[in-house]
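The residues making up each chain are set out below.
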Amino acid sequence: MAARPMPYLDELNPAQREAVEALDGPVLMLAGAGTGKTKALTARIVHLLSTARAAPNEILAVTFTNKAAKEMKARVGRMLGEHVEGMPWLGTFHAICVKLLRRHAELVGLKSSFTILDTDDQIRLMKQLIRANNIDEKRWPARQLAGIIDNWKNRAWTPQNVPSAESAAFNNRGTELYDQYQRRLLELNAVDFGDLLLHVVTIFQKHEDVLAQYQRWFRYILVDEYQDTNVAQYLWLRLLAGGHRNICCVGDDDQSIYGWRGAEVGNILRFEKDFPGAKVVRLEQNYRSTEHILAAAGGVIRGNEGRLGKELWTEAGEGWKVRLIGHWDGEEEARWIGEKIEDHQSGRSEEAKNRYNPRLNSFQQELDRRAKSGLGPVDEHQYVRDAFESGSVYSDMKTFNLVKQLLDRDKYSARYGNMLGALGDYVVHRFSLDEIAILVRASHQMRAFEDRFLTIGLPYRVIGGPRFYERLEIRDAMAYFRLVVSPADDLAFERIVNTPKRGLGDKAQQKIQVCARDNGVPLVEGARILLAEGGIGGKGAGELRALIDNLDRWGRMTGHADLSHVELAEQVLDESGYTAMWQNDKTPEAPGRLENLKELVKALENFDNLQGFLEHVSLIMDNASEDQGAKVSIMTLHAAKGLEFPAVFLPGWEDGLFPSQRSMDESGPKGLEEERRLAYVGITRAEEVCTISFAGNRRVFGQWQSQIPSRFIDELPGEHVEVLTPPGLYGGGFGAAAPGYDGIQSTVDKRASEANVYNSPGWKRMQARAGQRPMSQPRETRSQVIDLEAVSRYTIGDRVFHQKFGYGAITGIEGDKLDIDFEKAGTKKVVAKFVMAGDD
Ligand code: ATP
Ligand code: MG
């Protein structure tokens, strides 16, 4: 066969090429974010095909998401042009396993037409089993069992080989129920998600001939995001690659963020042991982000222990510092981000330009002076002048960088360095909406953005999950609200009549339907008639009666002067038993659902009544109809893995939100380290502009709670961060946490962590800024009281204890602050009242 051109190789650096061209034997590409792992993996597929080393169906490539698979397919197609017919097996573990399992279903007792259950079906089935076993459903809910079984499946444990150490699970009945559940699935000719892998692994383990067939068939195996594989996936790969060992895995231990779902970062660290003689390729050049962004991300991830430790560099120039901004509350954060996105649309920020105009003028005068006195080549200075006059320096990254280079070289920067630094915070270039992403830690954060963007007419899409108002728990809650406002809403009634469970199964619901239809009335009236006629018996009758009475009563309460619609909504969710349903739910998703419900109630506060709110939401849902125009992307940090955007917003960097409360409550560092990797993933998605924000206050169930900026903000290296001051009403960015601005509320238990705020570099910079510029009055002002009593307890040399920094000795006292030399944390200045005498 004639040699084909290989232009895709020219796009790679030497290390990438090495990984692409080493076609035989195991290869591990272990490298940081944006270093071109996915690109190299894609090129490797193309290389295999265009050198005719493998036919398309001899290649197996695994990606982490369907979206990633789609993109990789498209890229391979483009790079190959028309050269090769057919496509490799390219998809997620699950997608590939479905195909394999259909071919060999009979080996695990299934028919090839098996159905794949969704989570709801799965839970329903488990409920039946729990009941059949006379287990108290309330104490031992199906969702908990589902969590346990999923976890076991992730570890590739069949009912027969669940280790005895797990025997206490689910009140000692876990293994037994798992066995029953698997049998029941076989009877139904069904599998759940976890089975897809488990069954295939089982087949491979038990049927050497089948395994051998696929080992021969898939001659080349490629895996992206290897750091997030779980044990079952790992076994699957090891079995398949066992013969030829032509496996190429790429990943980054710093981006392992699915530990909570059973992923084992150990898999990647163990690769060289599993595949002795593996070629390990490390990539260090990052092609995605500018220097400041990389350095900021690097600074954060350095806080983790036991890393392989990789340093990244870039040729992209220093670019703009990571921007940090604090807001009064979450709504203001959403408003501000909305405005910044609009600035990105118009290409410049007027407000900022005005602020810096005087300095620009003096800069131009300086240019004039130099031009007149013949200093330096005039045409370059002319270029710089033009750049400023035309405004292109504000709106075009290339011009900006070139101007900056010229100025640096001419040593203008010593005198104008400040101004250039400041340029970064207001040179806003034109990004299309597709180039902008908002990455949140928790899905409930999306609500504020969705509402705001709808209000200002900014198109957005939610990636990797339903939009806020499409979520199960939100739709349920909305159904209750709809019934309160209009009892004749049959769809809403159907949705909630047996949610939470009221003993009104399919039969009872059918009776209600028939009765309503026969009488030509809405379902709720049909139910009333049926009850009056005694057409429903047992437990269901009492519960249905209670529901109807409740609906009547809530309906009368709308528009009541003494009860706001927000309070009413809370009552509805409580009295209907809906909130309790999720409180009793022990699955990992339950806390998130409760958060979403709280967030829903919060959203109500922006409206005058329930009716107005419902209209607003129906508008949002209408807006959901997909058109193809450019849109801002909103997604969770987890869903953003592998993606990149020129402009990234990272809102909600507050302790308890990010890092999550759960990770902070854990005793070991494991949870926090995973959160820190998430922070690293978040920052490294940004190509040019990365904006981190936090709110001083968030409202939780109608109660203001003051928030503490995330500990990860403290960890951002100061020299790569630009602190912005919001132009808004309240001036100070730290909201309630700032002394003198801590108006609303600061709860006693938050005090300890406030000490950290005062010591954070972010706070110090913010204070310095506040000194330079007049700030408008906050809503309430309280002068800072120095707690002298706390100070006078100590003298220099005392041994003390601090919650975050541990033990240390006092080396200085100044006002209410103590200088302390901590044994572990080094020298810090902390507020005296947050320190305890440490002479244990
Ligand atoms: P992540 O860890 O976030 O998944 P990655 O290592 O997979 O990142 P890629 O997404 O493959 O990185 O590449 C990041 C960006 O750099 C992409 O825009 C890609 O096109 C570009 N890139 C990769 N390698 C090169 C190269 N050798 N020359 C120019 N651009 C490159
Ligand atoms: Mg990648």
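Residues numbered from 1 in each chain as written. Chains lettered and ligands numbered in written order. Predicted model: local features only at pLDDT ≥ 70, side-chain atom pairs only at ≥ 80, totals over all residues.

Novice: What am I meant to see in helix α11 (residues 231-241) here?
Specialist: Counting along an α-helix, one turn takes 3.6 residues, and residues three or four places apart therefore face a common direction. For α11, a buried count of eight out of 11 residues is recorded, marking the element as mostly surrounded by other parts of the structure. Residues of α11 that are buried: A232, Q233, Y234, L235, W236, L237, L240 and A241. (Buried ≥ 20, exposed ≤ 12 C-beta atoms within 10 Å, placed from the backbone. Helix = DSSP H or I, 4+ residues; strand = E, 2+ residues; numbered from the N terminus.)

Novice: How do you make sense of the site of ligand 1 when you look at a structure like this?
Specialist: Close contacts around ligand 1 come from 17 residues, with G36, K37, T38, K39 and Y287 the closest. It is helix α3 (residues 37-50) that provides the largest number of residues to the shell around ligand 1, a total of three residues. For the shell around ligand 1, the residue count by class is three nonpolar, eight polar and six charged. (Near = placed C-beta within 6 Å. Nonpolar A, V, L, I, M, F, W, Y, C, P; charged D, E, K, R; others polar.)

Novice: Is there a simple way to explain the sheet that holds strand β2 (residues 59-62) in this structure?
Specialist: The pairing of strands in a sheet happens through backbone hydrogen bonds and is either parallel or antiparallel. Strand order in the open sheet made by the six strands is β3-β2-β6-β7-β1-β8, with parallel pairing throughout. Of all the strands in the sheet, just β3 (89-91) and β8 (279-281) have a single pairing partner and so form its edges. Strand-to-strand twist in this sheet, taken as the mean axis angle between neighbours without regard to direction, amounts to 10°. Relative to strand β7 (residues 247-251), strand β1 (residues 27-30) is paired through four bridges, and the arrangement is parallel. The residue bridging L28 from the neighbouring strand is C249, located in β7. (Pairing = 2+ DSSP bridges. Axes fitted to C-alpha atoms, helices over the stretch in contact; angles between N-to-C directions.)

Novice: Looking at this structure, how should I read unusual backbone geometry?
Specialist: Excluding glycine, residues mostly have negative phi values, and the peptide bonds linking residues are mostly trans. Along the chain, T499 connects to P500 via a cis peptide bond; the corresponding omega equals 0°. Mapped onto the fold, P500 is located in the loop between α23 (490-496) and α24 (506-519). Backbone torsion omega between F658 and P659 reads 5°, so that peptide bond is classified as cis. If you trace the backbone, P659 turns up in the loop between β13 (645-650) and α31 (661-665). Positive phi, close to 55°, is recorded for N134, a residue that is not glycine. Among the structural elements, N134 can be located in the loop between α6 (119-132) and α7 (142-154). What makes N134 exposed here is the crowd of 6 C-beta atoms within 10 Å. Despite not being glycine, F170 shows a phi value in the positive range, around 50°.

Novice: How should the UniProt feature "binding site: ATP" (unreviewed entry) in the protein chain be read in this particular structure?
Specialist: According to UniProt, the "binding site: ATP" (unreviewed entry) feature falls on A31, G32, A33, G34, T35, G36, K37 and T38. Every residue in contact with A31, bar those within four places of it in the chain, is listed here: K37, D252, R282, L283 and K310. Structurally, K37 is set in helix α3. Its 25 C-beta neighbours within 10 Å are what place K37 among the buried residues. (UniProt positions renumbered as here; feature names shortened; annotations may be inferred. Contact = placed C-beta atoms within 7 Å.)

Novice: I would appreciate a short explanation of the pairing of β7 in the present structure.
Specialist: Remark: a regular strand shows side chains that alternate across the two faces of the sheet. Along β7, five of the five residues are buried, which leaves the element largely enclosed by surrounding structure. Because side chains alternate across β7, one face comprises the buried residues I247, C249 and G251, and the other comprises C248 and V250, equally buried. Pairing geometry for strand β6 (residues 220-223) and β7, over three bridges, is parallel. Within β7, the residue paired with I221 across the bridge is I247. Handedness of the crossover joining β6 and β7 through α11: right-handed. (Right-handed = clockwise from strand over helix to strand, strands pointing away.)

Novice: Can you help me understand the pairing of strand β10 (residues 436-440) in this one?
Specialist: Of all five residues that make up β10, five are buried, and the element is covered over most of its length. Taking every second residue as pointing to the same face, both faces of β10 are buried, with I436, I438 and V440 on one and A437 and L439 on the other. The pairing of β10 with strand β12 (residues 632-636) spans four bridges and is parallel. What sits directly across from I438, in β12, is I634.

Novice: Just checking my understanding: could you explain the nonpolar core for this structure?
Specialist: In a soluble, globular protein the nonpolar side chains are often hidden away together inside. Counting 180 residues, the largest nonpolar core has M29, V200, I221, Y480 and I683 as the members making the most contacts within it. Ranked by residue count, the leading element in this core is helix α22 (residues 472-485), at eight residues. What I221 contacts, discounting residues up to four positions off in sequence, is L60, L237, L240, A241, N246 and I247. (Core = buried A, V, L, I, M, F, W, Y, C linked by C-beta atoms within 7 Å.)

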